[in-house]
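Here is how the chains run, residue by residue.
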Amino acid sequence: MSIHPDITALTALLTEKSRATILAALMDGKFHTASELAYMASIKPQTASFHLSKLEENSLVICEKHGRFRYFRLANEEVANTLEVFMSISSPPEVRSLKQSSQLKRLENARTCYDHLAGRISVKLTTIMLDNGYIEKSNKQFIVTVKGEEFFNSLGVNIVGLSKKRRSFSHACLDWSERTHHLGGALGNGLFERYIELGWIEAKLNSREIVITDKGKIGFKEYFGLEVSI
């Protein structure tokens with residue numbers, strides 16, 4: 001008898017394409033109805049409900065009931081991190097149309113990773129923060145320096161408040177498209193929410209895609225020295 005955790009149940013769930021598509025859609029960190037997820041996975045709502053029941057049984061998603069509607073979301077940040085790792089070691093999607101190619105490029109540039117920013121933009125911002133001495137990398141964590149505390153406070157990010165949350169503070173999250181780490185955890189989420197408050201980024205409906213606004217291009221240049229071309 002093996003003393004190791006049984007990962008076959010998890011891998012069996014991920015081998016079903018519709019379930020994998022649903023989980024990928026839920027990487028936006030939002031609650032969605034079965035009908036919305038069915039549309040994103042190109043399956044019938046009844047089929048989506050069946051898959052969601054399986055995912056809920058295995059603690060990969062949670063469900064909240066509001067009136068006659070049921071809303072689903074990934075169970076927690078750990079599930080999102082695990083999925084991101086799976087994506088990073090998986091074969092890239094087969095692009096069959098110009099539209100699909102454009103969508104993939106936009107996702108690779110900027111997207112949500114559960115509750116923080118991911119993609120090329122996030123990796124570049126993380127690299128800039130490392131180069132400027134705002135954070136330092138230690139194993140799978142990023143450590144905020146004294147210089148970093150001053151920078152984040154000037155940006156309007158409450159470091160003290162974020163550090164008190166009952167979750168990872170600033171872990172290194174593996175980016176599936178860039179194959180390197182971006183900033184995750186409570187600090188990653190705090191920055192993401194601040195970018196939204198400042199109007200630097202906008203989330204697209206029913207998509208993980210993140211749009212960098214004109215105000216964001218100015219803001220990222222002013223605060224980080226990052227030129228955003230799209």
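Residues numbered from 1 in each chain as written. Predicted model: local features only at pLDDT ≥ 70, side-chain atom pairs only at ≥ 80, totals over all residues. Heavy atoms only, no water.

Student: Lay out the packing of aromatic side chains in plain terms, naming residues and giving numbers.
Tutor: For any two aromatic rings, the description comes down to two numbers: the centre-to-centre distance and the angle of the planes. Inspection of the entire model under this criterion finds 10 aromatic pairs. Taking 5.0 Å as the distance between ring centres and 65° as the angle between the ring planes, the aromatic pair formed by Trp200 and Phe220 counts as edge-to-face. With a gap of 20 residues between them, Trp200 in the loop between α10 (185-197) and β10 (201-203) and Phe220 in helix α11 (residues 214-224) connect regions that are remote in the sequence. Judged by its relative accessible area of 5%, Trp200 is buried. With a relative accessible area of 0%, Phe220 lands in the buried category. Taken together, the ring pairs connect Tyr134, Phe151, Phe152, Tyr195, Trp200, Phe220, Tyr223 and Phe224 into an aromatic cluster. (Phe/Tyr/Trp six-rings, centres within 6.5 Å; stacked < 30°, edge-to-face > 60°. Helix = DSSP H or I, 4+ residues; strand = E, 2+ residues; numbered from the N terminus. Buried < 20%, exposed > 50% of the residue type's maximum accessible area, 1.4 Å probe, protein only.)

Student: Quick rundown of the packing of helix α2 (residues 17-25) against helix α3 (residues 34-41)? Include the residues and the values.
Tutor: For the pair α2 and α3, the least separation of the axes is 9 Å and the interaxial angle reads 115°. With respect to α3, the axis of α2 lies roughly perpendicular. Like other packed secondary-structure pairs, α2 and α3 cross with a definite hand, here right-handed. Contacts between α2 and α3 pair Ser18, Thr21, Ile22 and Ala25 from the former with Leu37, Met40 and Ala41 from the latter. Split into classes, the residues belonging to the contact of α2 with α3 amount to five nonpolar, two polar and no charged. (Axes fitted to C-alpha atoms, helices over the stretch in contact; angles between N-to-C directions. Parallel < 35°, antiparallel > 145°, perpendicular 65-115°, else oblique. Left-handed = near helix turned anticlockwise from the far one by under 90°. Contact = heavy atoms within 4.5 Å. Nonpolar A, V, L, I, M, F, W, Y, C, P; charged D, E, K, R; others polar.)

Student: Just give me the short version of unusual backbone geometry, but keep the residues and values in it.
Tutor: Phi at Ser42 is positive, roughly 60°, even though this residue is not glycine. Its place among the elements puts Ser42 in the loop between α3 and α4 (45-57). Given the relative accessible area of 67%, Ser42 is considered exposed. For Arg179, which is not a glycine, the phi torsion comes out positive at approximately 60°. For Arg179, a relative accessible area of 45% translates into the label partly exposed.

Student: Describe in detail the packing of α3 against α4, supporting the description with residues and values.
Tutor: Taken N-terminus to C-terminus, the directions of α3 and α4 make an angle of 105°; their axes are 8 Å apart at the nearest point. Our classification of the angle between α3 and α4 gives roughly perpendicular. In contact with Ala34, Ser35, Leu37 and Ala38 of α3, α4 contributes Pro45, Ala48, Ser49 and Leu52. Taken together, the residues that form the contact of α3 with α4 break down as six nonpolar, two polar and no charged.

Student: Could you give me a rundown of the nonpolar core, with the residues and numbers involved?
Tutor: By size, the foremost hydrophobic cluster in this structure holds 31 residues, and its most contacted members are Phe152, Tyr195, Phe220 and Phe224. Top element by residues in this core is α10. It accounts for five residues. In contact with Phe152, not counting residues within four places along its chain, are Met129, Tyr134, Ile135, Val144, Val157, Ile159, Leu187 and Leu191. The next biggest cluster of nonpolar side chains, apart from the first, holds 27 residues, and it includes Leu23, Ala34, Leu55 and Val79. (Core = buried A, V, L, I, M, F, W, Y, C linked by side-chain atoms within 4.5 Å.)

Student: Lay out α2 with the relevant residues and their values.
Tutor: All of the buried residues in α2 are Ser18, Arg19, Ile22, Leu23 and Ala25. Looking down the long axis of α2, one finds its buried residues gathered within 160° of arc, a one-sided arrangement. (Arc of directions from axis to C-beta.)

Student: Mind laying out the pattern of salt bridges, listing which residues take part and the relevant values?
Tutor: In total, this model carries 11 salt bridges according to the counting rule given. Close ionic contact of Arg167 with Glu77 constitutes a salt bridge, the shortest N to O distance being 2.9 Å. A residue pair is termed long-range when its members are at least 10 positions apart, and Arg167 in the loop between α9 (159-163) and β8 (172-174) and Glu77 in helix α5 (residues 77-88) qualify at 90 residues. A salt bridge links Glu84 to Arg208, with the shortest nitrogen-to-oxygen separation between them at 3.6 Å. Pair noted here: Glu84 is in helix α5 and Arg208 is in the loop between β10 and β11 (210-212), with a separation of 124 residues, a long-range link. Like Glu84, the residue Arg208 is buried in the burial classification. One salt-bridge network, held together by shared partners, links Glu84, Arg111, Asp175 and Arg208. (Salt bridge = Lys/Arg side-chain N within 4 Å of Asp/Glu carboxyl O.)

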